[in-house]
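Spelled out, the chains give:
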Amino acid sequence: MARRKTKFICQECGYESPKWMGKCPGCGEWNKMVEEVEPAGIGRRRAFAHSVGSSSVPSKATPITSIETASEPRIQTDLNELNRVLGNGIVKGSLVLIGGDPGIGKSTLLLQVSSQLAAKNYQVLYVSGEESLRQTKLRADRLGVSSENLLVYSETNLEEISRTIENVSPSFVIVDSIQTVFHPEVTSAPGSVSQVRECTAELMRIAKTKGIAVFIVGHVTKEGSIAGPRLLEHMVDTVLYFEGERHHTYRILRAVKNRFGSTNEMGIFEMKEFGLEEVENPSEIFLEERSHGAAGSTVVASMEGTRPVLVEIQALISPSSFGIPRRMATGVDHNRVPLLMAVLEKRVGMLLQNQDAYLKVAGGIKLDEPAIDLAIAVSIASSFRDKPTRPTDCIIGEVGLTGEVRRVSRIEQRVQEAAKLGFERVILPQNNLGGWKGPKGIELVGVSSVSQALQVTLGG
Ligand SMILES: Nc1ncnc2c1ncn2[C@@H]1O[C@H](COP(=O)(O)OP(=O)(O)OP(=O)(O)O)[C@@H](O)[C@H]1O
Ligand SMILES: [Mg+2]
(Lines give C-alpha, C1' and ligand atoms only; values in the text may rest on other atoms or scores of the structure.)
(Ligands and ions follow the chains in the order given, each with its own letter.)
Protein backbone atom coordinates (compact mmCIF):
# COMPACT_ATOMS: atom_id res chain seq x y z
CA MET A 1 0.00 0.00 0.00
CA ALA A 2 1.23 3.46 -0.83
CA ARG A 3 2.57 5.46 2.06
CA ARG A 4 0.05 8.05 3.20
CA LYS A 5 1.18 11.61 3.68
CA THR A 6 -0.63 14.12 5.80
CA LYS A 7 -0.59 17.77 4.91
CA PHE A 8 -2.38 20.91 5.94
CA ILE A 9 -3.97 23.20 3.37
CA CYS A 10 -5.24 26.72 3.82
CA GLN A 11 -8.87 26.98 2.76
CA GLU A 12 -8.38 30.58 1.85
CA CYS A 13 -5.33 30.58 -0.40
CA GLY A 14 -4.40 26.92 -0.86
CA TYR A 15 -1.04 27.24 0.98
CA GLU A 16 0.30 23.81 1.89
CA SER A 17 2.31 22.93 4.94
CA PRO A 18 3.48 19.65 6.51
CA LYS A 19 2.37 20.84 9.95
CA TRP A 20 -0.63 22.67 11.29
CA MET A 21 -0.33 26.36 11.83
CA GLY A 22 -2.75 28.77 13.45
CA LYS A 23 -1.92 31.56 11.05
CA CYS A 24 -1.46 30.84 7.39
CA PRO A 25 1.89 32.21 6.14
CA GLY A 26 0.38 32.50 2.64
CA CYS A 27 -2.50 34.86 3.31
CA GLY A 28 -2.19 35.70 6.98
CA GLU A 29 -5.66 34.36 7.86
CA TRP A 30 -6.20 32.56 11.13
CA ASN A 31 -7.67 29.06 11.60
CA LYS A 32 -7.93 28.27 7.92
CA MET A 33 -5.58 25.26 7.80
CA VAL A 34 -7.34 21.91 7.37
CA GLU A 35 -5.78 18.48 7.43
CA GLU A 36 -5.82 16.32 4.34
CA VAL A 37 -4.40 12.88 3.63
CA GLU A 38 -2.94 12.04 0.27
CA PRO A 39 -0.83 9.14 -1.05
CA ALA A 40 2.80 10.26 -1.29
CA GLY A 41 3.99 11.63 -4.59
CA ILE A 42 0.65 12.24 -6.26
CA GLY A 43 0.20 15.91 -5.54
CA ARG A 44 3.17 17.28 -7.42
CA ARG A 45 2.84 14.95 -10.40
CA ARG A 46 -0.83 15.81 -10.81
CA ALA A 47 -0.25 19.47 -10.36
CA PHE A 48 2.07 19.41 -13.36
CA ALA A 49 -0.21 17.23 -15.41
CA HIS A 50 -3.08 19.61 -14.87
CA SER A 51 -1.45 22.91 -15.48
CA VAL A 52 -3.58 24.79 -17.97
CA GLY A 53 -2.90 24.19 -21.61
CA SER A 54 -0.58 21.26 -20.90
CA SER A 55 -0.13 18.99 -23.86
CA SER A 56 2.49 16.63 -25.20
CA VAL A 57 3.70 19.27 -27.67
CA PRO A 58 5.92 21.79 -25.88
CA SER A 59 4.76 25.37 -26.27
CA LYS A 60 7.18 27.99 -27.56
CA ALA A 61 7.59 31.67 -26.86
CA THR A 62 5.96 33.72 -29.61
CA PRO A 63 6.29 37.42 -30.49
CA ILE A 64 3.06 39.15 -29.49
CA THR A 65 2.73 40.69 -32.96
CA SER A 66 2.45 37.31 -34.65
CA ILE A 67 -0.43 36.06 -32.51
CA GLU A 68 -3.73 36.03 -34.34
CA THR A 69 -6.33 38.22 -32.71
CA ALA A 70 -9.58 36.89 -34.05
CA SER A 71 -12.19 38.11 -31.56
CA GLU A 72 -13.48 35.51 -29.14
CA PRO A 73 -16.48 33.77 -30.67
CA ARG A 74 -19.41 34.34 -28.35
CA ILE A 75 -22.64 32.47 -28.04
CA GLN A 76 -25.76 34.34 -27.00
CA THR A 77 -28.32 32.83 -24.69
CA ASP A 78 -31.92 34.04 -24.73
CA LEU A 79 -31.32 35.76 -21.40
CA ASN A 80 -29.92 39.17 -22.30
CA GLU A 81 -29.26 39.89 -18.65
CA LEU A 82 -26.91 36.89 -18.48
CA ASN A 83 -25.26 37.75 -21.80
CA ARG A 84 -24.49 41.22 -20.55
CA VAL A 85 -23.00 40.03 -17.26
CA LEU A 86 -20.78 37.61 -19.16
CA GLY A 87 -19.56 40.47 -21.37
CA ASN A 88 -21.87 39.88 -24.34
CA GLY A 89 -22.37 36.14 -24.41
CA ILE A 90 -20.59 32.93 -23.53
CA VAL A 91 -17.01 32.57 -24.70
CA LYS A 92 -16.05 29.18 -26.12
CA GLY A 93 -13.51 27.36 -24.00
CA SER A 94 -14.18 29.47 -20.93
CA LEU A 95 -14.69 28.25 -17.39
CA VAL A 96 -17.40 30.08 -15.47
CA LEU A 97 -18.00 29.65 -11.76
CA ILE A 98 -21.42 30.53 -10.35
CA GLY A 99 -21.77 30.86 -6.60
CA GLY A 100 -24.77 31.66 -4.47
CA ASP A 101 -26.72 30.85 -1.34
CA PRO A 102 -28.57 27.54 -1.11
CA GLY A 103 -31.86 27.59 -2.99
CA ILE A 104 -31.22 30.92 -4.67
CA GLY A 105 -31.77 29.41 -8.13
CA LYS A 106 -28.36 28.39 -9.49
CA SER A 107 -29.56 25.07 -10.87
CA THR A 108 -32.68 26.74 -12.25
CA LEU A 109 -30.66 29.36 -14.09
CA LEU A 110 -28.24 26.85 -15.56
CA LEU A 111 -30.96 24.41 -16.59
CA GLN A 112 -32.80 27.23 -18.35
CA VAL A 113 -29.63 28.32 -20.12
CA SER A 114 -28.89 24.68 -21.06
CA SER A 115 -32.29 24.32 -22.60
CA GLN A 116 -31.93 27.54 -24.58
CA LEU A 117 -28.57 26.44 -25.93
CA ALA A 118 -29.91 22.98 -26.72
CA ALA A 119 -32.73 24.63 -28.67
CA LYS A 120 -30.04 26.35 -30.75
CA ASN A 121 -28.70 22.91 -31.68
CA TYR A 122 -25.75 22.91 -29.33
CA GLN A 123 -25.08 19.68 -27.50
CA VAL A 124 -25.26 20.34 -23.74
CA LEU A 125 -24.18 17.99 -20.97
CA TYR A 126 -25.70 18.77 -17.57
CA VAL A 127 -23.82 16.89 -14.87
CA SER A 128 -25.66 16.84 -11.60
CA GLY A 129 -23.88 15.49 -8.57
CA GLU A 130 -26.44 16.85 -6.15
CA GLU A 131 -29.71 15.67 -7.56
CA SER A 132 -30.96 12.46 -9.11
CA LEU A 133 -31.99 12.37 -12.77
CA ARG A 134 -35.61 12.30 -11.64
CA GLN A 135 -35.20 15.46 -9.58
CA THR A 136 -33.57 17.24 -12.50
CA LYS A 137 -36.37 16.02 -14.75
CA LEU A 138 -38.98 17.34 -12.33
CA ARG A 139 -37.35 20.76 -12.42
CA ALA A 140 -37.06 20.55 -16.20
CA ASP A 141 -40.80 19.81 -16.44
CA ARG A 142 -41.58 22.80 -14.26
CA LEU A 143 -39.42 25.01 -16.46
CA GLY A 144 -40.82 23.52 -19.64
CA VAL A 145 -37.43 22.22 -20.74
CA SER A 146 -37.31 19.46 -23.31
CA SER A 147 -34.73 18.90 -26.00
CA GLU A 148 -32.90 15.92 -27.42
CA ASN A 149 -29.68 17.93 -27.31
CA LEU A 150 -29.77 18.31 -23.56
CA LEU A 151 -28.13 15.34 -21.91
CA VAL A 152 -28.54 14.93 -18.18
CA TYR A 153 -25.97 12.91 -16.29
CA SER A 154 -25.91 12.09 -12.61
CA GLU A 155 -22.26 11.42 -11.74
CA THR A 156 -19.68 12.61 -9.27
CA ASN A 157 -16.54 10.79 -10.41
CA LEU A 158 -14.55 13.24 -12.48
CA GLU A 159 -12.84 10.51 -14.50
CA GLU A 160 -16.23 9.23 -15.61
CA ILE A 161 -17.35 12.75 -16.37
CA SER A 162 -14.21 13.35 -18.50
CA ARG A 163 -14.83 10.10 -20.35
CA THR A 164 -18.44 11.05 -21.06
CA ILE A 165 -17.36 14.47 -22.29
CA GLU A 166 -14.90 12.67 -24.58
CA ASN A 167 -17.67 10.43 -25.97
CA VAL A 168 -20.45 12.98 -26.26
CA SER A 169 -18.27 15.97 -27.23
CA PRO A 170 -20.74 18.60 -26.10
CA SER A 171 -20.38 22.34 -26.70
CA PHE A 172 -21.38 23.14 -23.12
CA VAL A 173 -20.86 21.32 -19.87
CA ILE A 174 -22.55 22.24 -16.60
CA VAL A 175 -21.18 20.78 -13.38
CA ASP A 176 -23.63 21.15 -10.50
CA SER A 177 -21.76 21.41 -8.13
CA ILE A 178 -17.95 21.41 -7.85
CA GLN A 179 -18.21 20.43 -4.16
CA THR A 180 -19.82 17.10 -5.03
CA VAL A 181 -17.39 15.89 -7.69
CA PHE A 182 -14.22 14.03 -6.81
CA HIS A 183 -11.11 12.86 -8.55
CA PRO A 184 -10.40 9.20 -7.66
CA GLU A 185 -6.65 9.87 -7.52
CA VAL A 186 -7.10 12.40 -4.74
CA THR A 187 -7.98 10.65 -1.53
CA SER A 188 -9.51 13.49 0.43
CA ALA A 189 -13.27 13.86 0.64
CA PRO A 190 -15.34 15.61 -2.06
CA GLY A 191 -15.61 19.30 -1.27
CA SER A 192 -12.17 19.42 0.39
CA VAL A 193 -9.63 21.95 -0.74
CA SER A 194 -7.51 19.48 -2.74
CA GLN A 195 -10.52 17.90 -4.43
CA VAL A 196 -12.06 21.19 -5.43
CA ARG A 197 -8.73 22.45 -6.71
CA GLU A 198 -7.85 19.31 -8.65
CA CYS A 199 -11.32 18.93 -10.16
CA THR A 200 -11.39 22.57 -11.24
CA ALA A 201 -7.94 22.24 -12.79
CA GLU A 202 -9.11 19.18 -14.73
CA LEU A 203 -12.27 20.96 -15.91
CA MET A 204 -10.14 23.93 -16.92
CA ARG A 205 -7.95 21.67 -18.98
CA ILE A 206 -11.00 20.15 -20.67
CA ALA A 207 -12.45 23.60 -21.39
CA LYS A 208 -9.23 24.98 -22.88
CA THR A 209 -8.14 21.97 -24.90
CA LYS A 210 -11.54 21.13 -26.36
CA GLY A 211 -13.00 24.63 -26.63
CA ILE A 212 -15.98 23.67 -24.46
CA ALA A 213 -17.63 26.31 -22.30
CA VAL A 214 -17.86 24.86 -18.80
CA PHE A 215 -20.10 26.25 -16.05
CA ILE A 216 -19.49 25.11 -12.52
CA VAL A 217 -21.71 25.75 -9.55
CA GLY A 218 -19.96 26.53 -6.28
CA HIS A 219 -21.46 26.50 -2.80
CA VAL A 220 -20.92 29.53 -0.65
CA THR A 221 -19.70 29.57 2.92
CA LYS A 222 -21.55 31.17 5.80
CA GLU A 223 -19.56 34.35 5.19
CA GLY A 224 -20.86 34.43 1.62
CA SER A 225 -17.74 33.59 -0.38
CA ILE A 226 -17.39 30.51 -2.55
CA ALA A 227 -16.45 27.47 -0.45
CA GLY A 228 -13.02 26.01 -1.08
CA PRO A 229 -9.81 27.88 -1.61
CA ARG A 230 -9.78 31.44 -2.86
CA LEU A 231 -7.52 29.84 -5.41
CA LEU A 232 -10.62 28.52 -7.14
CA GLU A 233 -11.63 32.04 -8.06
CA HIS A 234 -8.14 32.69 -9.45
CA MET A 235 -8.23 29.56 -11.58
CA VAL A 236 -11.46 30.16 -13.46
CA ASP A 237 -12.10 32.77 -16.16
CA THR A 238 -15.26 34.25 -14.75
CA VAL A 239 -16.81 34.30 -11.30
CA LEU A 240 -20.49 35.14 -11.01
CA TYR A 241 -22.49 35.52 -7.83
CA PHE A 242 -26.20 34.93 -7.82
CA GLU A 243 -27.70 36.93 -4.98
CA GLY A 244 -31.05 37.92 -3.65
CA GLU A 245 -33.03 38.14 -0.49
CA ARG A 246 -34.92 35.13 0.62
CA HIS A 247 -38.11 37.14 0.97
CA HIS A 248 -37.91 38.81 -2.40
CA THR A 249 -38.42 37.12 -5.72
CA TYR A 250 -35.76 39.28 -7.35
CA ARG A 251 -32.36 37.80 -8.03
CA ILE A 252 -29.23 39.69 -8.99
CA LEU A 253 -26.42 38.15 -10.99
CA ARG A 254 -23.13 39.98 -10.81
CA ALA A 255 -19.64 39.29 -12.06
CA VAL A 256 -16.86 39.65 -9.52
CA LYS A 257 -14.22 38.54 -11.97
CA ASN A 258 -14.36 38.35 -15.73
CA ARG A 259 -11.47 37.73 -18.09
CA PHE A 260 -13.75 38.49 -21.05
CA GLY A 261 -15.65 41.56 -19.96
CA SER A 262 -16.42 44.18 -17.37
CA THR A 263 -17.23 43.30 -13.78
CA ASN A 264 -19.54 46.26 -13.31
CA GLU A 265 -22.51 44.71 -15.02
CA MET A 266 -25.39 43.22 -13.16
CA GLY A 267 -28.31 41.15 -14.37
CA ILE A 268 -31.68 41.19 -12.67
CA PHE A 269 -34.13 38.31 -12.73
CA GLU A 270 -37.37 37.45 -11.08
CA MET A 271 -37.98 33.93 -9.81
CA LYS A 272 -41.36 32.74 -11.04
CA GLU A 273 -43.01 29.38 -10.98
CA PHE A 274 -41.86 28.65 -14.52
CA GLY A 275 -38.31 29.75 -13.88
CA LEU A 276 -36.29 32.91 -13.95
CA GLU A 277 -37.58 35.82 -15.96
CA GLU A 278 -35.49 38.80 -16.96
CA VAL A 279 -36.30 42.17 -15.50
CA GLU A 280 -35.84 44.64 -18.32
CA ASN A 281 -36.57 47.82 -16.47
CA PRO A 282 -35.05 47.44 -13.00
CA SER A 283 -35.72 51.06 -11.98
CA GLU A 284 -39.45 50.34 -12.01
CA ILE A 285 -39.14 47.44 -9.60
CA PHE A 286 -36.80 49.27 -7.26
CA LEU A 287 -39.18 52.21 -6.99
CA GLU A 288 -42.34 50.10 -6.89
CA GLU A 289 -42.93 50.28 -3.16
CA ARG A 290 -41.73 53.81 -2.55
CA SER A 291 -43.74 55.77 -0.05
CA HIS A 292 -44.26 59.27 -1.42
CA GLY A 293 -43.75 62.22 0.83
CA ALA A 294 -41.91 60.38 3.61
CA ALA A 295 -39.03 62.16 5.32
CA GLY A 296 -35.68 60.44 4.83
CA SER A 297 -36.39 59.05 1.38
CA THR A 298 -34.62 60.16 -1.79
CA VAL A 299 -34.06 58.68 -5.22
CA VAL A 300 -30.68 58.43 -6.90
CA ALA A 301 -29.69 57.38 -10.42
CA SER A 302 -26.80 55.00 -9.96
CA MET A 303 -24.81 53.39 -12.77
CA GLU A 304 -24.73 49.63 -12.63
CA GLY A 305 -22.21 48.86 -15.33
CA THR A 306 -23.44 50.49 -18.50
CA ARG A 307 -27.00 50.88 -17.28
CA PRO A 308 -28.46 53.57 -15.03
CA VAL A 309 -30.77 52.32 -12.29
CA LEU A 310 -33.00 54.48 -10.14
CA VAL A 311 -32.99 53.41 -6.52
CA GLU A 312 -34.56 54.70 -3.36
CA ILE A 313 -32.29 55.54 -0.42
CA GLN A 314 -33.90 55.65 3.01
CA ALA A 315 -32.45 57.16 6.16
CA LEU A 316 -33.77 57.13 9.67
CA ILE A 317 -32.20 59.49 12.18
CA SER A 318 -33.42 59.30 15.74
CA PRO A 319 -32.02 60.47 19.11
CA SER A 320 -29.69 57.93 20.59
CA SER A 321 -30.67 56.34 23.88
CA PHE A 322 -27.22 54.90 24.56
CA GLY A 323 -23.88 56.55 25.07
CA ILE A 324 -22.46 55.69 21.68
CA PRO A 325 -24.81 56.43 18.78
CA ARG A 326 -25.41 53.61 16.31
CA ARG A 327 -24.55 53.84 12.63
CA MET A 328 -25.98 51.13 10.42
CA ALA A 329 -26.11 50.83 6.66
CA THR A 330 -27.37 48.15 4.32
CA GLY A 331 -26.72 48.25 0.60
CA VAL A 332 -23.98 50.90 0.79
CA ASP A 333 -20.48 50.93 2.21
CA HIS A 334 -21.09 51.44 5.95
CA ASN A 335 -18.07 53.75 6.22
CA ARG A 336 -19.73 56.34 4.00
CA VAL A 337 -22.51 57.03 6.49
CA PRO A 338 -20.34 58.38 9.34
CA LEU A 339 -18.24 60.22 6.77
CA LEU A 340 -21.22 62.01 5.22
CA MET A 341 -22.64 62.69 8.68
CA ALA A 342 -19.35 64.33 9.63
CA VAL A 343 -19.55 66.50 6.51
CA LEU A 344 -23.11 67.52 7.46
CA GLU A 345 -21.98 68.38 11.00
CA LYS A 346 -18.94 70.35 10.04
CA ARG A 347 -20.03 72.01 6.79
CA VAL A 348 -23.75 72.46 7.34
CA GLY A 349 -23.78 72.70 11.13
CA MET A 350 -26.23 69.86 11.69
CA LEU A 351 -25.85 68.40 15.17
CA LEU A 352 -25.88 64.67 14.51
CA GLN A 353 -23.40 63.34 17.07
CA ASN A 354 -26.08 62.24 19.52
CA GLN A 355 -28.31 60.66 16.85
CA ASP A 356 -28.61 57.05 15.75
CA ALA A 357 -28.46 56.69 12.00
CA TYR A 358 -29.84 53.85 9.91
CA LEU A 359 -29.47 53.81 6.18
CA LYS A 360 -30.95 51.40 3.70
CA VAL A 361 -31.04 50.97 -0.04
CA ALA A 362 -34.53 49.74 -0.82
CA GLY A 363 -34.99 46.53 -2.83
CA GLY A 364 -31.93 44.67 -1.51
CA ILE A 365 -29.55 46.06 -4.15
CA LYS A 366 -25.96 47.05 -3.29
CA LEU A 367 -24.58 50.37 -4.52
CA ASP A 368 -20.91 51.16 -4.49
CA GLU A 369 -20.31 54.26 -6.56
CA PRO A 370 -19.57 57.73 -5.16
CA ALA A 371 -22.38 59.36 -7.18
CA ILE A 372 -24.85 58.26 -4.49
CA ASP A 373 -23.21 60.43 -1.78
CA LEU A 374 -25.41 63.48 -2.23
CA ALA A 375 -28.62 61.43 -2.10
CA ILE A 376 -27.42 59.81 1.15
CA ALA A 377 -26.59 63.20 2.65
CA VAL A 378 -29.98 64.65 1.66
CA SER A 379 -31.79 61.57 3.03
CA ILE A 380 -30.02 61.95 6.37
CA ALA A 381 -30.81 65.67 6.52
CA SER A 382 -34.41 65.05 5.46
CA SER A 383 -34.94 62.51 8.23
CA PHE A 384 -33.15 64.64 10.81
CA ARG A 385 -35.28 67.68 10.00
CA ASP A 386 -38.34 65.50 9.46
CA LYS A 387 -38.98 67.25 6.19
CA PRO A 388 -39.67 65.24 3.03
CA THR A 389 -38.08 66.02 -0.31
CA ARG A 390 -40.25 66.32 -3.41
CA PRO A 391 -41.16 62.82 -4.63
CA THR A 392 -40.35 63.90 -8.20
CA ASP A 393 -36.73 64.85 -7.33
CA CYS A 394 -33.77 62.72 -8.33
CA ILE A 395 -30.46 63.53 -6.61
CA ILE A 396 -27.03 62.78 -8.06
CA GLY A 397 -23.54 63.80 -6.96
CA GLU A 398 -20.35 62.85 -5.16
CA VAL A 399 -19.61 64.69 -1.91
CA GLY A 400 -16.08 65.76 -0.95
CA LEU A 401 -14.80 66.28 2.57
CA THR A 402 -15.07 70.05 2.31
CA GLY A 403 -18.76 69.70 1.54
CA GLU A 404 -18.34 70.32 -2.18
CA VAL A 405 -20.43 68.42 -4.73
CA ARG A 406 -18.24 66.80 -7.34
CA ARG A 407 -18.83 65.87 -10.92
CA VAL A 408 -19.99 62.30 -11.75
CA SER A 409 -19.68 60.19 -14.89
CA ARG A 410 -22.38 59.52 -17.50
CA ILE A 411 -24.69 62.26 -16.33
CA GLU A 412 -26.79 62.30 -19.50
CA GLN A 413 -27.73 58.66 -19.21
CA ARG A 414 -28.72 59.10 -15.59
CA VAL A 415 -30.87 62.13 -16.33
CA GLN A 416 -32.53 60.33 -19.22
CA GLU A 417 -33.46 57.41 -16.98
CA ALA A 418 -34.96 59.80 -14.43
CA ALA A 419 -36.96 61.53 -17.17
CA LYS A 420 -38.18 58.18 -18.48
CA LEU A 421 -39.62 57.31 -15.10
CA GLY A 422 -41.46 60.60 -14.75
CA PHE A 423 -39.10 62.54 -12.48
CA GLU A 424 -39.47 66.28 -12.91
CA ARG A 425 -36.30 67.65 -11.38
CA VAL A 426 -32.72 66.41 -11.13
CA ILE A 427 -30.35 67.90 -8.60
CA LEU A 428 -26.88 67.35 -9.97
CA PRO A 429 -23.30 68.69 -9.65
CA GLN A 430 -22.87 72.20 -11.08
CA ASN A 431 -19.74 71.02 -12.88
CA ASN A 432 -21.74 68.47 -14.81
CA LEU A 433 -23.83 71.17 -16.46
CA GLY A 434 -22.86 72.76 -19.76
CA GLY A 435 -22.25 71.25 -23.16
CA TRP A 436 -25.37 69.09 -23.17
CA LYS A 437 -29.11 69.41 -22.80
CA GLY A 438 -31.43 67.28 -20.73
CA PRO A 439 -34.60 65.75 -22.13
CA LYS A 440 -37.71 67.94 -22.43
CA GLY A 441 -39.84 68.43 -19.35
CA ILE A 442 -37.10 67.85 -16.80
CA GLU A 443 -35.60 70.65 -14.75
CA LEU A 444 -31.87 70.45 -14.06
CA VAL A 445 -30.60 72.16 -10.92
CA GLY A 446 -26.83 72.40 -10.59
CA VAL A 447 -25.42 72.58 -7.05
CA SER A 448 -21.83 73.00 -5.94
CA SER A 449 -22.11 72.27 -2.22
CA VAL A 450 -24.09 70.07 0.13
CA SER A 451 -25.65 73.08 1.85
CA GLN A 452 -26.84 74.38 -1.52
CA ALA A 453 -28.34 70.96 -2.30
CA LEU A 454 -30.19 70.99 1.04
CA GLN A 455 -31.45 74.49 0.32
CA VAL A 456 -32.88 73.31 -3.02
CA THR A 457 -34.37 70.03 -1.82
CA LEU A 458 -35.50 70.81 1.74
CA GLY A 459 -35.74 74.59 1.77
CA GLY A 460 -34.07 76.83 4.35
N1 LIG B 1 -43.02 25.87 -7.91
C2 LIG B 1 -42.22 26.87 -7.71
N3 LIG B 1 -42.63 28.14 -7.89
C4 LIG B 1 -41.82 29.19 -7.71
N5 LIG B 1 -40.55 29.08 -7.33
C6 LIG B 1 -40.07 27.85 -7.12
C7 LIG B 1 -40.87 26.68 -7.31
N8 LIG B 1 -40.09 25.62 -7.03
C9 LIG B 1 -38.88 26.10 -6.69
N10 LIG B 1 -38.86 27.43 -6.75
C11 LIG B 1 -37.73 28.33 -6.48
O12 LIG B 1 -36.54 27.73 -6.89
C13 LIG B 1 -35.60 27.78 -5.85
C14 LIG B 1 -34.70 26.58 -5.92
O15 LIG B 1 -33.92 26.75 -7.05
P16 LIG B 1 -32.61 25.89 -7.34
O17 LIG B 1 -32.82 24.50 -6.92
O18 LIG B 1 -32.26 26.20 -8.75
O19 LIG B 1 -31.60 26.59 -6.37
P20 LIG B 1 -30.07 26.25 -6.18
O21 LIG B 1 -29.39 27.55 -6.01
O22 LIG B 1 -29.60 25.34 -7.25
O23 LIG B 1 -30.10 25.49 -4.80
P24 LIG B 1 -29.05 24.45 -4.18
O25 LIG B 1 -28.01 25.26 -3.52
O26 LIG B 1 -29.87 23.69 -3.22
O27 LIG B 1 -28.56 23.63 -5.31
C28 LIG B 1 -36.42 27.78 -4.60
O29 LIG B 1 -35.73 28.40 -3.54
C30 LIG B 1 -37.60 28.59 -5.01
O31 LIG B 1 -37.33 29.97 -4.84
MG1 LIG C 1 -28.85 23.38 -7.18
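Read on for a plain summary of the structure. The model shown is predicted, which means the values in this text are computed figures rather than measured ones.

1. A short note on the overall build of the protein
- Secondary structure assignment for the protein yields twelve helices and 23 strands.
- For the protein, with 460 residues in total, the buried portion stands at 50%.
- Summed over its atoms, the accessible surface of the protein is roughly 21800 Å², and 50% of this surface lies on carbon and sulfur atoms.
- Separation between the mean location of the 53 positive side-chain charges and that of the 53 negative ones in the protein comes to 4 Å.

2. Describing the packing of aromatic side chains
- Taken as a whole and judged by the stated rule, the model has two aromatic pairs.
- Relative to F172, the ring of Y122 has its centre 5.5 Å away and its plane inclined at 90°; by these criteria the two rings are edge-to-face. Of this pair, Y122 sits in the loop between α3 (106-119) and β7 (124-128) while F172 is found in strand β9 (residues 172-176), placing the two residues 50 residues apart along the sequence.
- Y122 gets classed as partly exposed once you look at its relative accessible area, which sits at 25%.

3. Here's the deal with the nonpolar core
- By size, the foremost hydrophobic cluster in this structure holds 44 residues, and its most contacted members are L367, L374 and I380.
- Per element, the largest residue contribution to this core is seven residues, and it comes from helix α10 (residues 373-385).
- Discounting residues that sit within four places of it in the chain, L367 has contacts with V300, S302, E304, V311, I313, G331, V332, D333, V361 and I372.
- By size, the runner-up hydrophobic cluster in this structure holds 33 residues, among which are F172, F215, A255 and L276.

4. Quick look at the sheet that holds strand β22 (residues 425-429)
- Here we have three strands laid out as an open sheet, ordered β19-β22-β23, and parallel in their pairing. In this open sheet, the two strands that pair with only one neighbour each are β19 (393-395) and β23 (443-447). For this sheet, the mean angle separating the axes of adjacent strands, direction not counted, is 25°.
- Bridge count for β19 against β22 is three bridges, and the pairing is parallel. Residue I395 lies in a different strand from β22, and its bridge partner there is I427.
- Running at roughly 160° to β22, helix α11 (residues 411-420) makes contact with β19, β22 and β23 of the sheet.

5. A look at the site of ligand 1
- Close contacts around ligand 1 come from 15 residues, with G103, K106, S107, T108 and R139 the closest.
- Between ligand 1 and E130 there is a distance of 3.3 Å, counted from an oxygen atom to a side-chain nitrogen or oxygen.
- Separating an oxygen atom of ligand 1 from a side-chain N or O atom of R139 is a distance of 2.7 Å.
- Coverage of ligand 1 by the protein amounts to 66% of the 660 Å² it exposes when considered alone.
- The set of elements that each furnish at least two residues to the shell around ligand 1 consists of α3, α4 (133-143) and β13 (266-272).
- Top element by residues in the shell around ligand 1 is α3. It accounts for three residues.

6. A word on the side chain of S194
- With respect to the helices and strands, S194 occurs in helix α6 (residues 193-210).
- Residue class for S194 comes out buried when judged on its relative accessible area of 4%.
- Among residues more than four places away in sequence, those in contact with S194 are I9, E36, V186 and S188.

7. Focus on the pairing of strand β14 (residues 275-278)
- With four bridges connecting them, β13 and β14 associate as antiparallel partners. Bridging from a neighbouring strand, M271 pairs with L276 of β14.
- Where β13 folds back on β14, the antiparallel hairpin that results is connected by two residues.

8. A word on the pattern of salt bridges
- One pass over the full model with this rule turns up 20 salt bridges.
- For R197, the salt bridge goes to E16, with nearest N and O atoms at 2.7 Å. On the criterion of sequence distance, the pair formed by R197 in helix α6 and E16 in strand β2 (residues 16-17) is long-range, its members being 181 residues apart.
- In this structure, the salt-bridge partner of R205 is E202, at a minimum N-O distance of 2.8 Å. Here R205 pairs with E202, and both are found in helix α6, just three residues apart, close to one helical turn.
- Take E202: its relative accessible area is 6%, and that puts it in the buried class.
- Through salt bridges with shared partners, a single network forms among E81, R84, E265 and R307.

9. Details of the pairing of strand β10 (residues 213-219)
- Most of β10 sits out of view: six of its seven residues are buried.
- Alignment of strand β6 (residues 95-100) against β10, held across six bridges, turns out to be parallel. Bridging across to β10, G99 finds its partner in G218.
- The sheet contact formed by β9 and β10 spans four bridges and is parallel. Bridging across to β10, V175 finds its partner in I216.
- Viewed along the sheet, the connection from β9 through α6 into β10 turns out right-handed.

10. Observations concerning the sheet that holds strand β17 (residues 327-330)
- Spatial strand order, β15-β16-β18-β17: four strands in an open sheet with mixed pairing. Whereas interior strands pair on both sides, the edge strands pair on one side only; in this sheet they are β15 (297-304) and β17. For this sheet the average axis-to-axis angle between neighbouring strands, irrespective of direction, equals 20°.
- Relative to strand β16 (residues 307-319), β15 runs antiparallel, the two being bridged by eight bridges. Residue pairing across strands places A301 opposite L310, the latter belonging to β16.

What counts as what
- Residues numbered from 1 in each chain as written.
- Chains lettered and ligands numbered in written order.
- Predicted model: local features only at pLDDT ≥ 70, side-chain atom pairs only at ≥ 80, totals over all residues.
- Heavy atoms only, no water.
- Helix = DSSP H or I, 4+ residues; strand = E, 2+ residues; numbered from the N terminus.
- Buried < 20%, exposed > 50% of the residue type's maximum accessible area, 1.4 Å probe, protein only.
- Areas by Shrake-Rupley, 256 points an atom, 1.4 Å probe, with all protein chains shown as cover.
- Lys, Arg positive; Asp, Glu negative; His and termini not counted.
- Charge placed at Lys NZ, Arg CZ, Asp CG, Glu CD.
- Phe/Tyr/Trp six-rings, centres within 6.5 Å; stacked < 30°, edge-to-face > 60°.
- Core = buried A, V, L, I, M, F, W, Y, C linked by side-chain atoms within 4.5 Å.
- Contact = heavy atoms within 4.5 Å.
- Pairing = 2+ DSSP bridges.
- Axes fitted to C-alpha atoms, helices over the stretch in contact; angles between N-to-C directions.
- Near = heavy atom within 4 Å.
- Polar contact = N/O pair within 3.5 Å; in protein donor to acceptor, adjacent residues only side chain to side chain.
- Salt bridge = Lys/Arg side-chain N within 4 Å of Asp/Glu carboxyl O.
- Right-handed = clockwise from strand over helix to strand, strands pointing away.

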